[in-house]
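For reference, the chains in residue letters:
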Amino acid sequence: MNVLVTGSSGLVGSAVMELLSREGHNVVGFDQKTSPLTEHFTVETGDLCDFPRLVSIIQKHGIDAIVHSGGISHPHAGEISPYETVRTNIVGTTTILEAAKIFHIRKVVYLSSGAVYGNHAAAVTTLESKVNPENTYAVTKLTGEYLGETYNRNYGMNVISLRLAFVYGPYRFMPDPIKSLLERAVNGIDVDDAKGADQRLEFIYVKDAALAVYQALQAETCSSSIFNIGTGVNTKMTEVAAIIKKLYPNRSIKLGSGDLGYDFIGAFDCGEAERQLQFKAKYNLEDGIADYAKYLEKASSGQFESV
């Protein structure tokens, strides 16, 4: 397959590029600028909303599948510039889908977010749970899903939307509570944060997120077009702190009461992803954090570009 990966310099996009390449696919990245992360790949630069540019790239490389991970990818960032978030995430997604339709690219994997569910009290979040986006970012992600379903229904496409849990791991540039604690521990800095102890999130390691994308690309026929992608486990930040403390016992890690401003969402039911995509997360939180810590230690010692 010749696969175009938008947002190829980002957290999930770069991991998808690596995985698809290892599996023998031809990958082409698309991002606003080049990055050392993907310098060994073919990467085209441009704006997601630039339709002529996107068309030229599809024609040039003979693209037959698209992974759309580009856009503004954090709820807090979305509130800083709602207009730019809407333009990038909604108009940009429409540009991708329209180009795919014109060039008969049926398979598009769209990276959505668990943020579409918003705050709710249920212990488990299923695909039947009510969607209730509570910030601009979440609204744009849900709109992208609706657009995908519309193109599936009206134009016979095969757009699969993945509602990702909170992705963590190497090359995360946006705010991330695991990164915040782990980076300080790796660099010998004690943690004494005023809040965060009451925040509960479902985390998924970036390598598992990339695997879910790969499985979605490989899936021939699915009865669903939207899937929850996570571990099925919600974790309090105090538990995250304990895992990091176990790795770095000489570090003091203290979190004050209160949350970090993220939605409280019940643990994902990922049964449909397991049945239809044959996806199941391989990393539990302890293993994922330990693997992430190895990358950060290498980065701290200057063995490769800092994450």
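Refer to the structure above for everything that follows.
Residues numbered from 1 in each chain as written. Predicted model: local features only at pLDDT ≥ 70, side-chain atom pairs only at ≥ 80, totals over all residues. Heavy atoms only, no water.

S.K.: What exactly am I supposed to notice about the pattern of salt bridges here?
M.R.: A side chain of one charge can pair with a side chain of the opposite charge when the charged atoms of the two come close. Applying the stated rule across the entire model yields 10 salt bridges. Here E84 makes a salt bridge to R87, at a shortest N to O gap of 3.2 Å. With E84 and R87 both in helix α4 (residues 82-102) and three residues apart, the pair spans about one turn of that helix. A relative accessible area of 23% means that R87 is categorised as partly exposed. Close ionic contact of D193 with R184 constitutes a salt bridge, the shortest N to O distance being 2.9 Å. On the basis of relative accessible area, D193 is assigned to the partly exposed category, the value being 22%. Among the charged side chains, a salt-bridge network with shared partners connects E44, R53 and K60. (Salt bridge = Lys/Arg side-chain N within 4 Å of Asp/Glu carboxyl O. Helix = DSSP H or I, 4+ residues; strand = E, 2+ residues; numbered from the N terminus. Buried < 20%, exposed > 50% of the residue type's maximum accessible area, 1.4 Å probe, protein only.)

S.K.: I'm lost on the nonpolar core in this one. Help?
M.R.: Nonpolar side chains tend to gather and get buried jointly when the protein is soluble and globular. In this structure, L162, L182, F203, I229, V240, I244 and I289 are the most contacted members of the largest nonpolar core, which totals 69 residues. No other element matches the nine residues that helix α7 (residues 206-218) contributes to this core. By size, the runner-up hydrophobic cluster in this structure holds 21 residues, among which are L4, I58, I90 and M157. (Core = buried A, V, L, I, M, F, W, Y, C linked by side-chain atoms within 4.5 Å.)

S.K.: Sorry if this is basic, but what is going on with the pairing of strand β5 (residues 107-113) here?
M.R.: The side chains of a regular strand alternate between the sheet's two faces. Counting buried positions along β5 yields seven of seven residues, so the element is predominantly enclosed. Every second residue of β5 is oriented toward a common face, with K107, V109, L111 and S113 on one face and V108, Y110 and S112 on the other, all of them buried. The pairing of strand β4 (residues 65-68) with β5 spans four bridges and is classified as parallel. Paired with I66 across the strands is V108, a residue of β5. Strand direction decides the pairing type here: β5 and strand β7 (residues 158-164), joined by seven bridges, are parallel. Opposite L111, over in β7, you have L162 as the bridge partner. (Pairing = 2+ DSSP bridges.)

S.K.: I tried to follow the packing of helix α6 (residues 177-186) against helix α10 (residues 285-300) on my own but got confused; where do I start?
M.R.: The axes of two packed helices give the description: the angle between them and the distance between them. With their axes 10 Å apart at the nearest point, α6 and α10 run at an angle of 50 degrees to one another. In terms of their interaxial angle, α6 and α10 are classed as oblique. The chirality of how α6 crosses α10 is right-handed. From α6, I178, K179, L182, E183 and V186 reach across to α10, where they touch L285, I289, Y292, A293, L296, E297 and S300. (Axes fitted to C-alpha atoms, helices over the stretch in contact; angles between N-to-C directions. Parallel < 35°, antiparallel > 145°, perpendicular 65-115°, else oblique. Left-handed = near helix turned anticlockwise from the far one by under 90°. Contact = heavy atoms within 4.5 Å.)

S.K.: So what exactly am I meant to see when it comes to helix α1 (residues 11-22) here?
M.R.: Think of an α-helix as turning once every 3.6 residues; residues three or four places apart then point the same way. Helix length check: α1 (12 residues) gives 17 Å between terminal C-alpha atoms against 16 Å at 1.5 Å per residue, within 8%. Of all 12 residues that make up α1, nine are buried, and the element is covered over most of its length. The first or second residue beyond α1 is G24, which carries a positive phi of 95 degrees. (Expected span 1.5 Å × (residues − 1).)

S.K.: What should I look at first to understand the sheet that holds strand β1 (residues 2-6) in this one?
M.R.: Sheet strands line up and pair through hydrogen bonds in the backbone, either parallel or antiparallel. Strands sit in the order β3-β2-β1-β4-β5-β7-β12 across an open sheet of seven strands; the sheet is parallel. This sheet does not close on itself; its edge strands, each paired only once, are β3 (42-45) and β12 (226-229). Averaged over all pairs of adjacent strands, the angle between strand axes in this sheet comes to 20 degrees, irrespective of strand direction. Running at roughly 175 degrees to β4, α4 makes contact with β1, β4, β5 and β7 of the sheet.

These figures capture arrangement, not role.
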